[in-house]
Amino acid sequence: MKGIKNATYDRGTVKIQFDKDQIVEFECIWLRDHCRCSSCYRFDTFQRIVHLMDVPDTLIADIKFDEDHLYITWDDNHSSVYEADFLMKFDYKTWIEKRKHKPKLWRGEEIAEKIARVQFKEFLNSTDKARTAFQSLLDYGVAIVEDVEPTLAATEKVCNALGGVQHTMFGGMWLVHNKFDHADTAYTTISLAAHTDNTYFTEAAGLQIFQCLEHINVNGGDTILVDGFYGAQRLKEDFPEDYKFLTTFELDAEYREEGHHHRYSAPVITLDKMEEVKQIRFNVYDRTPMAFSSREECKAYYRSLKNLSKYYEDENNRWQLKLKPGTVIAIDNFRVLHGRKSFTGNRVLCGSYISRTDWLDKARTLGLIE
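Since the structure is predicted, the reported quantities are computational estimates derived from the model, not experimental observations. Each chain carries its own residue numbering, running from 1 in the direction its sequence is written. Local features are withheld for residues below a pLDDT of 70 in this predicted model, meaning they are given only at 70 or higher, and side-chain atom pairs are given and counted only at 80 or more; totals for whole chains, interfaces and linings count all residues. Based on all heavy atoms of the structure, the side-chain values leave hydrogens and waters out of the count.

A few words now on the overall build of the protein chain. Across its full length, the protein chain carries 10 helices and 22 strands. Dimensions of the protein chain along its principal axes, counting C-alpha atoms only, are 80 × 55 × 40 Å. The classification of residues rests on relative accessible area computed with a 1.4 Å probe and restricted to protein chains. Under 20% of the type maximum is buried, over 50% is exposed, and intermediate values are partly exposed. Going through the 370 residues of the protein chain one by one, you find that 49% of them count as buried. Contact criterion: two residues are considered in contact whenever any of their non-hydrogen atoms come within 4.5 Å of each other. Long-range pairs, those at least 24 residues apart, make up 71% of the contacts in the protein chain with a sequence separation of at least 6. Values of accessible area rely on a 1.4 Å probe in the Shrake-Rupley scheme; residue burial ignores everything except the protein chains shown. In the structure as shown, the protein chain presents an accessible area of about 19,100 Å², 48% of it carried by carbon and sulfur atoms. We count Lys and Arg on the positive side and Asp and Glu on the negative side, and we leave His and both chain ends out. The atom standing in for a charge is NZ when the residue is Lys, CZ when it is Arg, CG when it is Asp and CD when it is Glu. Of the side chains in the protein chain, 49 bear a positive and 58 a negative charge, and the two mean positions are spaced by 3 Å. Comment: elements are numbered from the N terminus, with helices defined as DSSP H or I runs of at least four residues and strands as E runs of at least two.

Following this line, the structure appears as structure tokens:
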């Protein structure tokens, strides 16, 4: 482990040299705010004790160090000790790199050989197998759990292991069939264009879970999956103006049925502060009628959505598979679009949503992300 080689203090800034290539500077206010003594921090709750307003703008009276620690005495006689490995984490480039999500883009059938396929019992009982499934979700936005009893209860066990069932107006665990239980095209037999769910929610569901419970005399009905991040990347390369439009223009979406009216506006492509794609909100069915500030904005709306849709409708970019009883598929609803071919016969799916907060919580406890 790299330790502290030198530490100097000058006009409110502490400069620490960890090695020839790593020099990190800390402001006094940051160091005081991050004091880990028992008066300032509780290690049993991982929380600060001192309110932000009570963090004093003190200066350093004395500074010492050894390879493993930085020792500071403040001008109000408070003492702080910092571990070297704690301070090293806050080199900005290192800190931001660890928090960057690095998805592996894919197109078409190639994804079938890359995603994780884990057995039901092993997924529930093995940390290594759980880690494999979650890593697949992080990398590709898809993971499969096999040998699951084709029941709502067994599917719910998978959902709970993935983070826990998210309750919406559709319920917790739900069935998808052609009885039109809700005012949604999913409850029909017609084809569904590739889309993400919940574009009308303030926060769309994080994962979409499906298992086929019944598959009797069915013709068609194949599931379609598309990497939304891949489509966004292609749009950026081929139509940069449209890409910029969809990252800034807030598209309005809504869901209405008796007793419910959800509505939300957000960009189709959401970027993080590093300008990397972090979410796709794309659903041709949930768009609401909108007014535009100009003719140019109206034209850009239709042009950019159609150009993005070309990548999502391209057969070469799609993975088409037949969901069968015994197989649960988990889909990252912030990234992967799903659709369906039209069908005849008796096709019943069960499934659920899992919030992004909850499934990423699981991924962190498995040590896969910061």
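A pair of strands counts as paired when DSSP detects no fewer than two bridges linking them. The 3 strands lie next to each other as E1-E2-E3, forming an open sheet whose pairing is antiparallel. Among the strands making up the open sheet, the edge pair consists of strand E1 (6–10) and strand E3 (23–27). Averaged over all pairs of adjacent strands, the angle between strand axes in this sheet comes to 20°, irrespective of strand direction. Bridging between strand E2 (residues 13–17) and E3 involves 5 bridges; their strand directions are antiparallel. The residue of E3 that forms the bridge with Ile 16 is Val 24. Here the axes come from fitting lines to C-alpha atoms, over the contacting stretch only for helices, and the angles between their N-to-C directions go from 0 to 180 degrees.

A few words now on the sheet that holds strand E9 (residues 116–119). Read across the sheet, 6 strands follow the order E9-E10-E20-E13-E22-E11 without closing on themselves; strand pairing throughout is mixed. In this open sheet, the two edge strands, each paired with only one partner strand, are E9 and strand E11 (174–176). Each strand of the sheet is rotated relative to its neighbour by a mean of 25°, with strand direction disregarded. Examined bridge by bridge, strand E13 (residues 207–220) and strand E20 (residues 328–332) share 5 bridges and lie antiparallel to one another. The residue of E20 that forms the bridge with Phe 210 is Ile 329. The strands that helix H10 (residues 356–365) touches are E13, E20 and strand E22 (343–354); relative to E22, the one it contacts most, it runs at about 70°.

A word on a negative patch on the surface. Here the term patch refers to residues with relative accessible area over 30% and no salt bridge, with like charges joined within 9 Å and nonpolar side chains (Val, Leu, Ile, Met, Phe, Trp, Tyr) within 5 Å. Criterion for a salt bridge: a side-chain nitrogen of Lys or Arg within 4 Å of a carboxyl oxygen of Asp or Glu. Together, Asp 66, Glu 67, Asp 68, Glu 83 and Asp 85 make up a negatively charged patch on the protein surface. The class for Asp 68 is partly exposed, based on a relative accessible area of 46%.

Working definition: rings of Phe, Tyr and Trp (its six-membered ring) pair if their centres are within 6.5 Å, and the pair is stacked with planes under 30 degrees apart, edge-to-face with planes over 60 apart, and tilted otherwise. A full pass over the atoms with the stated rule returns 19 aromatic pairs. With a centroid separation of 6.5 Å and 65° between ring planes, the pair formed by Phe 170 and Tyr 353 is classed as edge-to-face. Taken as a pair, Phe 170 in the loop between helix H6 (152–162) and E11 and Tyr 353 in strand E22 lie far apart in primary sequence, 183 residues in all. Residues Phe 170 and Tyr 353 agree in their burial class; the two are buried. Residues Phe 249 and Tyr 301 carry aromatic rings whose centres are separated by 5.9 Å and whose planes lie at 70° to one another, so their mutual orientation is edge-to-face. Taken together, the residues span a long stretch of sequence, with Phe 249 in the loop between helix H8 (240–248) and strand E15 (251–257) and Tyr 301 in helix H9 (residues 295–313) at a distance of 52 residues.

By themselves, these are just geometric observations and shouldn't be taken as functional.
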